[in-house]
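# A closer look at the structure
Spelled out, the chains give:
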Amino acid sequence: MRALVQTVSRASVTVDGAVVGQIADGLLVLLGVTHDDTAATAQTMARKVHELRLLDDEASAAEVGAPLLVVSQFTLYGDARKGRRPTWAAAAPAEVAEPLVTEFVEALRARGASVATGRFRAHMLVESVNVGPRTVLIEL
């Protein structure tokens, strides 16, 4: 599992002209799932993201109650080392990834986090205003 985490002053996801998720002053989390990820992986990643000291004064979302916007992003497993066309072979198929993204979101919520989401398998327009910018890639 990979999570690209960015501090944002605002972020939103729009699907078919309607905003389906949005936050202010929090973390945008682009989440990729690979073939061997499990519910335990999702739980561990949720803890790491929630406790990541990326906000001002090295605070975490857990400490300050910052919201998170989670967007499924299979392209985090894109590989363009050969040629110009990336392969997505390392990304888990949707049938595997979707329940694990849901597990990740539910694990965050169980920790008390305020979580907005994109929509799985939808064509999403993701907007964000990065702060810092501060961006961290977490890989399990």
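Please read these numbers as outputs of a predicted model, since none were measured by experiment. (Residues numbered from 1 in each chain as written. Predicted model: local features only at pLDDT ≥ 70, side-chain atom pairs only at ≥ 80, totals over all residues. Heavy atoms only, no water.)

### Things to note about the overall build of the protein
Within the protein, the secondary structure is distributed over 3 helices and 7 strands. The N-to-C order of helical and strand elements in the protein reads β-β-α-β-β-α-β-α-β-β. Against the compact-globule benchmark of 14 Å for 140 residues, the protein has a radius of gyration of 14 Å, which places it among compact chains. Once the C-alpha set of the protein is aligned to its principal axes, its extents read approximately 40 × 35 × 25 Å. Classification of the 140 residues of the protein by burial places 42% in the buried group. Of the contacts made within the protein by residues no fewer than 6 positions apart, 74% connect residues no fewer than 24 positions apart. (Helix = DSSP H or I, 4+ residues; strand = E, 2+ residues; numbered from the N terminus. Rg over C-alpha atoms; globule rule 2.2 N^0.38 Å. Buried < 20%, exposed > 50% of the residue type's maximum accessible area, 1.4 Å probe, protein only. Contact = heavy atoms within 4.5 Å.)

### A short note on the packing of aromatic side chains
The geometry of an aromatic ring pair is captured by the separation of the ring centres together with the interplanar angle, meaning the angle of the planes. Per the counting criterion, the structure on display carries 1 aromatic pair. Seen in terms of ring centroids, phenylalanine 74 and tryptophan 88 are 5.4 Å apart; in terms of plane orientation they differ by 80 degrees. Their pairing is edge-to-face. With phenylalanine 74 in the loop between strand S5 (68-72) and helix H3 (94-110) and tryptophan 88 in the loop between S5 and H3, this residue pair connects regions lying 14 residues apart in the sequence. Take tryptophan 88: its relative accessible area is 37%, and that puts it in the partly exposed class. (Phe/Tyr/Trp six-rings, centres within 6.5 Å; stacked < 30°, edge-to-face > 60°.)

### Section: H3
In a regular helix each residue adds 1.5 Å, so 17 residues correspond to 24 Å; H3 covers 24 Å between its end C-alpha atoms and thus fits that length. Every buried residue of H3 is accounted for by Ala97, Leu100, Val101, Phe104, Val105, Ala107 and Leu108. Buried residues of H3, seen end-on, are gathered within an arc of 160 degrees and therefore sit on one face of the element. Along H3, the residues that are exposed and aim more than 90 degrees away from the buried face are Glu95 and Ala110. The inward-facing, buried residues of H3 contact strand S2 (18-32), helix H1 (39-51), S5 and strand S6 (115-117). Of the residues one or two after H3, glycine 112 is the one with positive phi, at around 95 degrees. (Expected span 1.5 Å × (residues − 1). Arc of directions from axis to C-beta.)

### Concerning the packing of H1 against H3
Running from N to C, H1 and H3 point in directions that differ by 45 degrees, and their axes come no closer than 8 Å. The angle between H1 and H3 falls in the class oblique. In this structure, H1 crosses over H3, and the sense of that crossing is right-handed. Residues Ala39, Ala42, Gln43, Met45, Ala46, Val49 and His50 of H1 lie in contact with H3, whose contacting residues are Leu100, Glu103, Phe104, Ala107 and Leu108. Considering only residue class, the contact of H1 with H3 consists of 9 nonpolar, 2 polar and 1 charged. (Axes fitted to C-alpha atoms, helices over the stretch in contact; angles between N-to-C directions. Parallel < 35°, antiparallel > 145°, perpendicular 65-115°, else oblique. Left-handed = near helix turned anticlockwise from the far one by under 90°. Nonpolar A, V, L, I, M, F, W, Y, C, P; charged D, E, K, R; others polar.)

### Observations regarding the sheet that holds S2
One open sheet holds the 5 strands; their spatial order is S6-S5-S2-S1-S7, and the pairing between them is mixed. With one partner strand each, in any of the chains shown, S6 and strand S7 (125-139) form the two edges of the open sheet. Sheet twist, expressed as the average angle between the axes of neighbouring strands with direction ignored, equals 35 degrees. The sheet strands contacting H1 are strand S1 (2-15), S2, S5 and S7, and the helix crosses S1 at an angle near 85 degrees. (Pairing = 2+ DSSP bridges.)

### Description of the pattern of salt bridges
Here the structure, examined in full by the defined rule, presents 8 salt bridges. Across the salt bridge formed by arginine 81 and aspartate 79, the nearest N and O atoms sit 2.6 Å from each other. One continuous salt-bridge network, built from bridges that share partners, spans Arg47, Glu51 and Arg111. (Salt bridge = Lys/Arg side-chain N within 4 Å of Asp/Glu carboxyl O.)

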